[in-house]
Amino acid sequence: MVHSLLMRSTSAPSRVLHRKERRRHRRRLSHPTTPDGNTHIRSATLRGLSPDQTLVLVNGKRRHASAWVNTGGTVGKGAVSTDLNAIPVSAIERIEVLRDGASAQYGSDAIAGVINIVLREDAGFEGRVSRGTTRDGGGGTTAVALDTGVAFADGGGLHLTWDYRDRKAANRALPDTRQQYFGIGRNGAPVAPSGTFGPGTGLAPIGGAAAGAVADPREATIDRDALWRFADSADTVEKTVFGNLRKPLAWAEGLEAYAFGGYGVSEGSSNASLRRAGQVENVRAIYPDGFLPWVDTQSTNASLGAGIKGLLGDWHWDLSSVYGRNKLVYRTRNTLNATLGAASPTAFYNGALEASQWTTNLDANNSIELGWHAPLRLALGAEFRRDTYGISPGELNAYV
């Protein structure tokens, strides 16, 4: 059993969210409205500080960070955070949160605090299906979770979780009332469109201040409600498996082996800004009515930790190694590269980001009675950690 690591190692107050309570907190994580890789990540913040100043542990071991650097108007802009969305809620037994004194024990990574996620190891079978949507019909979410666990005769057990989530964005876009097409001048020559918002064809004269310009007839028939899409998040589909194993060993008293890890793929689609038909970024031979680009991303998380712990005299020791990796693949569609003109493709592979972390720890602790009001706690440890980061280029047509 994974004991309360944070409460055991400190006298500072810690908060524990058990299984039923933490389900109520599931949707309280930051929810960015920006597209790109942000659509996959739910960052945890404490004390209002940046997400990368909160240390996230799983079963007391360091969890790897995502490959995405938070951009746009999202929480923790410029930070690399740990994606809590990659850990199924149904796989969690409890969450321990330490705020006070965290950096004194865990270093500068824990200036804001520490979140320790303890995985389930109970036996039995559990299934859960849910479906929800907003009152006006947007943002529909379907979630399916299956859990199964087996208890070993000599103690410990194996618990497995499969989680599926299909979340649709809630579109809150209003009609785009700007002029979409070139104006038509007195001599029939095109006139650059106005960017002013207004009813129908804009408050400014057609084509800006060009005297005598008239609107393209398509301005009266275009469906302005369908031009833009402003959503609360991306359309995402997430599939994740997680496992947790603990097995006592008969070789020595108190000796046990453990392992945990998971694999998950999250696919998201979100839109960028509308390119109107008359904008210079558009090639009208390809998109005569303009276009709304889409960003398709795939985030893959893989992690595996294993270790062995036991007693050596009065010393409790723990040897473990944990590896985690996140890869984010970028693609765009319903778009173009205006530099290539009419020869431009309309879909591109834009590259990938990848980050990994490998951490190996050897810890030992002991409580020594010296006749004081409390035992003297002595802890020793050594750690090897290797972090890697890589950026893979996309196809040439995506950036020439």
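Computed from a prediction, not measured in an experiment: that's the story for all the values here. (Residues numbered from 1 in each chain as written. Predicted model: local features only at pLDDT ≥ 70, side-chain atom pairs only at ≥ 80, totals over all residues. Heavy atoms only, no water.)

(A) Representation of the pattern of salt bridges within the structure. Going through the model one piece at a time under the given rule, you end up with 24 salt bridges. Taking the shortest distance from any N to any O, the salt bridge between Arg 62 and Asp 109 comes out at 2.8 Å. Of this pair, Arg 62 sits in strand E3 (residues 61–62) while Asp 109 is found in the loop between helix H3 (102–106) and strand E5 (113–119), placing the two residues 47 residues apart along the sequence. Overlapping salt bridges, with partners in common, bring together Arg 120, Asp 122, Glu 126, Arg 128 and Asp 147 in one network. (Salt bridge = Lys/Arg side-chain N within 4 Å of Asp/Glu carboxyl O. Helix = DSSP H or I, 4+ residues; strand = E, 2+ residues; numbered from the N terminus.)

(B) Spotlight on empty space enclosed by the protein. The final tally for this structure, using the stated rule, is four cavities of 30 Å³ or more. In this structure, the largest cavity occupies an estimated 100 Å³ of space. If you go around the largest cavity, the residues you meet are His 40, Asp 83, Asn 85, Ala 86, Arg 165, Glu 238, Thr 240, Gly 264, Val 265, Ser 266, Ser 299 and Asn 301. Ranked by the residues each element gives to the lining of the largest cavity, the list is headed by strand E12 (residues 256–271), at three residues. Each residue belonging to the lining of the largest cavity can be placed in one class, and the counts come to two nonpolar, seven polar and three charged. A volume near 70 Å³ is recorded for the second largest cavity. Surrounding the second largest cavity, Val 58, Lys 61, Arg 62, Arg 63, His 64, Phe 260, Gly 261, Ser 303 and Val 322 form its lining. The set of elements that each furnish at least two residues to the lining of the second largest cavity consists of E3 and E12. Of the residues in the lining of the second largest cavity, the class split is three nonpolar, three polar and three charged. (1 Å grid on protein atoms, 1.4 Å probe; cavity = no way out; pocket = protein on both sides within 12 Å on 5 of 7 lines; lining within 4 Å. Points joined across faces, edges and corners; volume = space filled by probe spheres on them. Nonpolar A, V, L, I, M, F, W, Y, C, P; charged D, E, K, R; others polar.)

(C) The arrangement of the sheet that holds strand E6 (residues 124–132) in detail. Read across the sheet, nine strands follow the order E6-E7-E8-E11-E12-E13-E14-E15-E16 without closing on themselves; strand pairing throughout is antiparallel. In this open sheet, the two strands that pair with only one neighbour each are E6 and strand E16 (376–393). Strand after strand, the sheet turns through a mean of 5 degrees between neighbouring axes, direction not considered. In this structure, strand E8 (residues 157–167) lies alongside strand E11 (residues 235–248), joined through 11 bridges in antiparallel fashion. If you follow Leu 160 over to E11, its bridge partner there is Gly 243. (Pairing = 2+ DSSP bridges. Axes fitted to C-alpha atoms, helices over the stretch in contact; angles between N-to-C directions.)

(D) Spatial organisation of the packing of aromatic side chains. What the rule picks out here adds up to four aromatic pairs. Taken together, a centroid distance of 5.9 Å and an interplanar angle of 20 degrees make the contact between Trp 68 and Tyr 330 stacked. Here Tyr 330 lies in strand E14 (residues 315–333) and Trp 68 lies in the loop between E3 and strand E4 (92–98), a separation of 262 residues in the sequence. Like Trp 68, the residue Tyr 330 is buried in the burial classification. When the centroid spacing of 5.5 Å and the interplanar angle of 80 degrees are considered together, the rings of Trp 358 and Phe 384 count as edge-to-face. Of the two residues, Trp 358 sits in strand E15 (residues 347–368) while Phe 384 sits in strand E16, which places them 26 residues apart along the sequence. A relative accessible area of 43% means that Phe 384 is categorised as partly exposed. The positively charged end of Lys 309 is found above the aromatic ring belonging to Tyr 258, 5.6 Å away from the centroid. (Phe/Tyr/Trp six-rings, centres within 6.5 Å; stacked < 30°, edge-to-face > 60°. Buried < 20%, exposed > 50% of the residue type's maximum accessible area, 1.4 Å probe, protein only. Lys NZ or Arg CZ within 6 Å of the ring centre and 35° of its normal.)

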